[in-house]
Protein chains: 2
Amino acid sequence: MSTFNRPYHHGDLRAALIAAAEELLDEGGDGALSLREAARRAGVSAPAAYRHFPDKDALLATIAARGFSAFGQALREAASGAPDAPLDAMGVAYVDFALARPARFRLMFGPVIARAKGRDPALDAAREAAFAALSAQAGSRAASLRAWGMVHGLAMLLLDGALPAEDPAALVREVLGGAPPSPQAAVSAGR
Amino acid sequence: MSTFNRPYHHGDLRAALIAAAEELLDEGGDGALSLREAARRAGVSAPAAYRHFPDKDALLATIAARGFSAFGQALREAASGAPDAPLDAMGVAYVDFALARPARFRLMFGPVIARAKGRDPALDAAREAAFAALSAQAGSRAASLRAWGMVHGLAMLLLDGALPAEDPAALVREVLGGAPPSPQAAVSAGR
DNA sequence: GGTTGAATGTTGACATCGTTCACATCGGAG
DNA sequence: CTCCGATGTGAACGATGTCAACATTCAACC
């Protein structure tokens, strides 16, 4: 599948564009993601992108969908890794994800994606799958909203730097209500 | 056309620019705020703005600061208007504010402003004042973070349309734990 | 196997944006 | 009245998203 050549036709531009854009998003702040730069990195000229995405927003929507997919997986893994306190583990994983990939997280929950809702079924599916992982562990609807809202809010506030936190995971566990000194979950971050 | 009328050093360009930009922000989606358009609406040419703001981001920071100020005031008023359940009232007010001015709220908690932290003392002061209003009602630090995070998360998720809600206020009240309709909700709250 | 049409990329162009530079104008202090 | 600092203007630069016209390649059919 990997043509070493660089012929006129780039083997899989779509994937290359997505990869480049995700790189841009993760490395260079928030406003650093431009269609043109992504195309440049993929070794291709800007309008070529329009053969694979109708729009810049469509590229972003695709990236967000991938983000939600990875996000849901991380949440599920966290839960199954800590069967005695799955909700707390998911909360920590939630915040970890946000802090590890701030720009991506902001994209996923930002206005562009909110606007794309309903226009991109893959996106909607990925997002709902991620959320389903959460509600599955929470019990009642109210409890799930409570946990979800709280953790999401904490993640956002930490991203803003509105909350000073040397150890976000500890803060999440403290706030989630459990004060269990189980140090297992704390090792999950790696930053 | 009105080249005649202009007295012209525009009486108070700074204020006019802020007003125009806020208008832009509230009316026209999220990406609709451009320095040039704000200047246009203020009846002035784009570079004039640079006599009053070093940067577009500085304009945004100013607007965010004003937003935090109004926000804090709304929270305080809500609390004093419902002395028997001030936290719930603030929660509802919090979400109301976010839903009434989505773009402004996103600005206030967005990356541009996060980046401006420490560079704009007025901004920091306004934000902390708003947060102070919240923690004043919440009791312990953990409780205040819990309430703040939860309400902030709910607001964000509602903005995204990730949560379908016919009546956001009711949802907030339900989730905040006051008079929960489902008996199980109260159980998972404390812990 | 060569012809042909659909995919895919390329160059060039347009409008818009943030921002800077050189110049114009106004209002107040001397 | 003069002169200077504050404020506003116009042209211009580089970057962006996007479109239109043209070029190249791949695959399928006689």
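Residues numbered from 1 in each chain as written. Chains lettered and ligands numbered in written order. Predicted model: local features only at pLDDT ≥ 70, side-chain atom pairs only at ≥ 80, totals over all residues.

- Labelled according to an unreviewed UniProt entry, chain A appears under the name Transcriptional regulator, TetR family, originating from Muricoccus roseus.

### With respect to the overall build of chain A
Turning to step 1, where the next piece is worked out: Broken down by element type, chain A carries nine helices and zero strands.
Turning to step 2, where the next piece is worked out: A burial count over chain A gives 41% of its 191 residues as buried.
Turning to step 3, where the next piece is worked out: For chain A, the proportion of contacts with a sequence separation of at least 24, taken over those separated by at least 6, is 64%. (Helix = DSSP H or I, 4+ residues; strand = E, 2+ residues; numbered from the N terminus. Buried ≥ 20, exposed ≤ 12 C-beta atoms within 10 Å, placed from the backbone. Contact = placed C-beta atoms within 7 Å.)

### Concerning the interface of chain B and chain A
Turning to step 1, where the next piece is worked out: In this complex, chain B contributes 32 residues to the contact, which on the side of chain A involves 30 residues.
Turning to step 2, where the next piece is worked out: Examining the composition of the side of chain B that touches chain A, we find that 14 residues originate from one element, helix α8 (residues 141-160) of chain B, more than from any other.
Turning to step 3, where the next piece is worked out: Looking at the side of chain B that touches chain A residue by residue, the class counts come to 17 nonpolar, seven polar and eight charged. (Nonpolar A, V, L, I, M, F, W, Y, C, P; charged D, E, K, R; others polar.)

### Topic: the domain arrangement of chain A
Turning to step 1, where the next piece is worked out: Domain boundaries in chain A define domain 1 (13-51) and domain 2 (56-188).
Turning to step 2, where the next piece is worked out: The residue makeup of the side of domain 1 of chain A that touches domain 2 of chain A, split by class, is five nonpolar, one polar and three charged. (Domains from an automatic or database assignment.)

### Brief notes about the protein's contact with DNA strand C
Turning to step 1, where the next piece is worked out: Taken together, 21 residues surround DNA strand C, and among them His-10, Leu-13 and Ser-45 of chain A together with Leu-35 and Lys-56 of chain B come closest.
Turning to step 2, where the next piece is worked out: Sort the elements by how many residues they give to the surface near DNA strand C and helix α2 (residues 35-41) of chain B lands first, with three residues.
Turning to step 3, where the next piece is worked out: Here the surface near DNA strand C is composed, by residue class, of 11 nonpolar, five polar and five charged. (Near = placed C-beta within 6 Å.)

### Regarding the relation of the copies chain B and chain A
Turning to step 1, where the next piece is worked out: Here chain B sits on chain A after a turn of 180° about the axis and a move of 0.0 Å along it, with an RMSD of 0.1 Å. Taken together, the rotation and translation relating the two chain copies correspond to the operation of a two-fold axis.
Turning to step 2, where the next piece is worked out: A shared binding surface is used by both copies, with 78% of the interface residues of chain B retained as interface residues in chain A. (Least-squares fit on C-alpha atoms with pLDDT ≥ 70 in both.)

### A closer look at the UniProt feature "domain: HTH tetR-type" (unreviewed entry) in chain A
Turning to step 1, where the next piece is worked out: UniProt's feature table lists "domain: HTH tetR-type" (unreviewed entry) at residues 11-71 of chain A, given in the numbering used throughout.
Turning to step 2, where the next piece is worked out: End C-alpha to end C-alpha, residues 11-71 of chain A measures 28 Å, and it is 62% helix and 0% strand. (UniProt positions renumbered as here; feature names shortened; annotations may be inferred.)

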